[in-house]
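# Coordinate inspection notes
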Amino acid sequence: MKRLGFTLGLLLLSLIVVAQELPKAVEKVKKAVFSLVTYKDNQLLASGNGFFISEEGIGVADYTLFKGANRAVVVQDGKEYPIVEILGANEMYDVVKFAVQKGKKYTAISPTKSRLKVGERIYMLPYATQKTSAGSTGVIHKIDSISQGASYYELTMSSAEKDVNLPIVNATGEVLAMLQKGGKEQLSYALGIDYVQALEITPLSLHDVSLQKIQIEKALPSTEEQALVYLYLASSQMDRTHYEEVLNKFLVRYPQSTEGYIRRANFYLYNTPTPLWEKAEQSLNDALRVSSEKSDVYYQWAQMIYNYSLRTPAGTEVPAQWQIAEAKNLIEKAIGMKENAIYYQLKGDIYFAEEDYTTATTAYEKIIKLQPSPIAYYALARSKELSGAAPVAEVLALMDSTLAQYNKPYPVEAATYLYERGRIKHDAAMYREAVMDYNLFQEITGEHVTAQFYRVRAQAEMQCRMYAQALEDMKKATDMAPQEVELWIEKAGMHLRFNQREEAKKDLTRALSIGEQPVAQRMLGYILVEGNEKEKGLSLLKRAAEQGDTVATELLEKYK
């Protein structure tokens, strides 16, 4: 029995950590391990270990070192190399991937591509400042699968707190994991290098709490498409200075990106205290230089000027090359290179804004020939309506064509066009038809309508003698906007029309409780005088007349 115990003891000893000379292949990669120091506002924050997994200077270390840091350096062979970008991080697994400055070839440990098994021998490299060159060895005790199939190892091997982040390698000198905190007496834990390699910056990284706690600059996503999405999200979340830095970094990496230059031009136009006209123009010229679709750049340039003109108050001093006349020149250049429906849409919109409805109409008609769409038919209908040259029947026919672009039952996207067709019918005294369109509008938008909608529909319903419906709509309007004085006055007027004086008095009293309104005073004064509350009614009429209500003045003369 004693002999058996002795044998088991020897077996266990062979499995736990022992210091020994490393295999030659492992010995070669020891210099990949480095010391790492992090700072916050030039004050030392933390120090620890890390190692390179790429000769281009991609390294890994534990997240704890970086939490709150705004600067970090790698120390290797007595030299410091600043960390320039964070490439990914995960606080839960306590890991950060980063890049140091380029310009030299770094000693690195290649990540293993082979699948390891329980029982295989592994080696832990010594940390950079360790006096002995010997490493430690043990075996894989257990392999778990974590996020996205990556590996997490339990190792039969002792480790100390100072060993955290050290690489765990196989006999051929390939790294399979990095040592983590929490080891027990004869058991250590290591995060698979496959998980570390997969860390990356994505557009959603802007919301990653782990990354937000690190104040060192983050890398862009690895593809141009994802980087553009990242830029879009960053534009509303970063401060102006940081966002400009990210824009410039994007264009250094993707110098042929037309979209990048256009976004930078937008930044110089809208995101600086005053527009940087020359810089915006230079960015757009850069976009022209690299673009294979120059017509599209002219289009976007024209659109930028058009949008700016819409947002800018009249009388604002703007350079000639950024005025609406230049937008017209640019869109004509785009159309001259390529006939495109969206180019004609912008041309129509520019002239529409200038109230040149004849030119706008011609542009919208061209769109319908090239690529019919609801917005094109609607724009044409509106242009013809405002020109005053087209009969209502023609405008309504165009609105019918707008809605004919959709299949029934109408989708939510058609709601605006239904409301607009109802408005045109309403203005043309086609009240019952207008109510039908208003009803369809409400049907496809659900109850997501405004008090103003109910007011407008009530006005149409009154005109076609749908009195009960009109009063119900005005009740909904006042319920939705109880502080809108005009709604209470209009509702009171409807009650008066049906000789419902008590209801009208309540509505007018409510209106006057919100604020003095001559119309409400006059109406309530009239009701009170006619209802034998002459003194109180005349007082209200007098107050209304003093505020300039001429009808109240006439009523006072009448009642004298």
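You'll find the structure just up there.
Now for a look at the structure at hand. (Residues numbered from 1 in each chain as written. Predicted model: local features only at pLDDT ≥ 70, side-chain atom pairs only at ≥ 80, totals over all residues. Heavy atoms only, no water.)

## Observations regarding the sheet that holds strand S2 (residues 33-40)
What counts is decided by this rule: Following DSSP output, two strands are said to pair if at least two bridges run between them. Going along the chain from the N terminus, every DSSP run of H or I of four or more residues is numbered as a helix, and every run of E of two or more is numbered as a strand. Fitted lines through C-alpha atoms give the axes, limited to the stretch in contact for helices. The angle between two N-to-C directions lies from 0 to 180 degrees.
Strands sit in the order S2-S3-S4-S7-S6-S5 around a closed barrel of 6 strands; the barrel is antiparallel. On average, each strand axis in the sheet is tilted by 40 degrees relative to the strand beside it, whichever way the strands run. In the sheet, strand S6 (residues 79-90) pairs with strand S7 (residues 95-100) via 6 bridges, with the strands oriented antiparallel. Bridging across to S7, Asn-90 finds its partner in Val-95.

## Here we look at the pattern of salt bridges
Basically, it comes down to this: Whenever a carboxyl oxygen of Asp or Glu lies within 4 Å of a side-chain nitrogen of Lys or Arg, that contact is scored as a salt bridge. For the exposure calls, accessible area comes from a 1.4 Å probe over protein chains only, and a residue counts as buried if that area is under 20% of its type's maximum, exposed if over 50%, partly exposed in between.
Across all of its chains, the model carries 34 salt bridges by this definition. Residues Glu-85 and Lys-249 are paired through a salt bridge, measuring 3.2 Å at the closest nitrogen-oxygen approach. Here the residue Glu-85 occupies a position in strand S6, and Lys-249 occupies one in helix H6 (residues 240-253), the gap between them amounting to 164 residues. Taken individually, Glu-85 and Lys-249 each receive the classification buried, so the pair is uniform in this respect. With a closest N to O distance of 3.1 Å, Lys-425 and Asp-437 form a salt bridge. With Lys-425 in helix H15 (residues 415-427) and Asp-437 in helix H16 (residues 431-445), this pair connects stretches of sequence that are 12 residues apart. Note on Lys-425: relative accessible area 12%, which makes it buried. Using a relative accessible area of 3% as the deciding quantity, one classes Asp-437 as buried. In this structure, a network of salt bridges that share partners links the residues Arg-382, Glu-385, Glu-420, Arg-423 and Asp-427.

## Here we look at the pairing of strand S4 (residues 58-61)
Examined bridge by bridge, strand S3 (residues 43-54) and S4 share 4 bridges and lie antiparallel to one another. Looking at the pairing, Phe-52 lines up with Gly-59 of S4. Where S3 hands over to S4, the hairpin turn is made up of 3 residues, of which Gly-57 adopts a positive phi near 100 degrees.

## What about the environment of Glu-293?
On the secondary structure map, Glu-293 appears in the loop between helix H8 (277-290) and helix H9 (294-311). Since its relative accessible area comes to 41%, Glu-293 is described here as partly exposed. C-alpha separation for the pair Glu-293 and Lys-338, spaced 45 residues apart in sequence, amounts to 9.5 Å.

## Here's the deal with the nonpolar core
Definition in use: In plain words, nonpolar cores are sets of buried Ala, Val, Leu, Ile, Met, Phe, Trp, Tyr and Cys residues tied together by side-chain atoms within 4.5 Å. Should any heavy atoms of two residues lie within 4.5 Å, those residues are considered in contact.
Formed by 120 residues in total, the largest nonpolar core has its most connected members in Leu-36, Phe-66, Phe-98, Trp-322 and Ile-331. For this core, the leading source of residues is H9, giving 9 residues. Setting aside residues up to four positions removed in sequence, Ile-331 forms contacts with Tyr-299, Ala-302, Tyr-343, Leu-346, Lys-347 and Ile-350. Core analysis: the second largest hydrophobic core is formed by 40 residues, Tyr-93, Val-175, Leu-191 and Leu-199 among them.

## Looking at helix H14 (residues 392-404)
Counted only if it meets this: For a helix, the expected span equals 1.5 Å multiplied by the number of residues minus one. Note that the arc is computed from the directions linking the helix axis to the C-beta atoms.
For H14, which comprises 13 residues, the first-to-last C-alpha distance of 18 Å matches the rise-based estimate of 18 Å (1.5 Å per residue) to within 8%. Taken together, the buried positions of H14 are Val-395, Leu-396, Leu-398, Met-399, Thr-402 and Leu-403. Down the axis of H14, the sector holding all buried residues measures 155 degrees, keeping them to one side. For H14, the exposed residues set more than 90 degrees away from the buried face come down to Ala-393 and Ala-404. In the core, the buried residues of H14 are packed alongside helix H13 (374-387) and H15.

## Notes on the packing of aromatic side chains
The condition that has to hold: A pair of Phe, Tyr and Trp rings is counted when the ring centres sit within 6.5 Å of each other, with Trp represented by its six-membered ring. The angle between the planes then sorts it: under 30 degrees is stacked, over 60 is edge-to-face, the rest tilted.
Evaluated as defined, the whole model comprises 24 aromatic pairs. Geometrically, the ring pair formed by Phe-250 and Tyr-254 is tilted, given 5.0 Å between the ring centres and 45 degrees between the ring planes. Overall, Tyr-254 belongs to the buried group, its relative accessible area being 14%. On the basis of an interplanar angle of 45 degrees and a centroid distance of 6.0 Å, the ring pair of Tyr-270 and Tyr-308 is categorised as tilted. Here Tyr-308 lies in helix H9 and Tyr-270 lies in helix H7 (residues 258-270), a separation of 38 residues in the sequence.

## Brief notes about the side chain of Lys-347
Structurally, Lys-347 can be placed in helix H11 (residues 341-353). Setting aside its immediate chain neighbours within four residues, Lys-347 contacts Ile-331, Glu-332, Ile-335, Thr-359 and Ala-363.

## Details of the packing of H16 against helix H17 (residues 451-463)
The following threshold applies: If an angle is under 35 degrees, it is roughly parallel; if it is over 145, roughly antiparallel; if it lies from 65 to 115, roughly perpendicular; otherwise it is oblique. For any helix crossing, the convention is left-handed if the near helix is rotated counterclockwise from the far helix by under a right angle, and right-handed if that rotation is clockwise. Only Asp, Glu, Lys and Arg are considered charged in this grouping, and only Ala, Val, Leu, Ile, Met, Phe, Trp, Tyr, Cys and Pro are considered nonpolar; every other residue, Gly among them, is considered polar.
Running from amino to carboxyl end, H16 crosses H17 at an angle of 150 degrees, the nearest separation of the two axes being 8 Å. One finds that H16 runs roughly antiparallel with respect to H17. Between H16 and H17 lies a crossing of left-handed hand. Contacts between H16 and H17 involve Tyr-431, Val-435, Tyr-438, Asn-439, Phe-441 and Gln-442 on the former and, on the latter, Phe-453, Tyr-454, Val-456, Arg-457, Ala-460, Glu-461 and Gln-463. Here the contact of H16 with H17 is built from residues that sort into 8 nonpolar, 3 polar and 2 charged.

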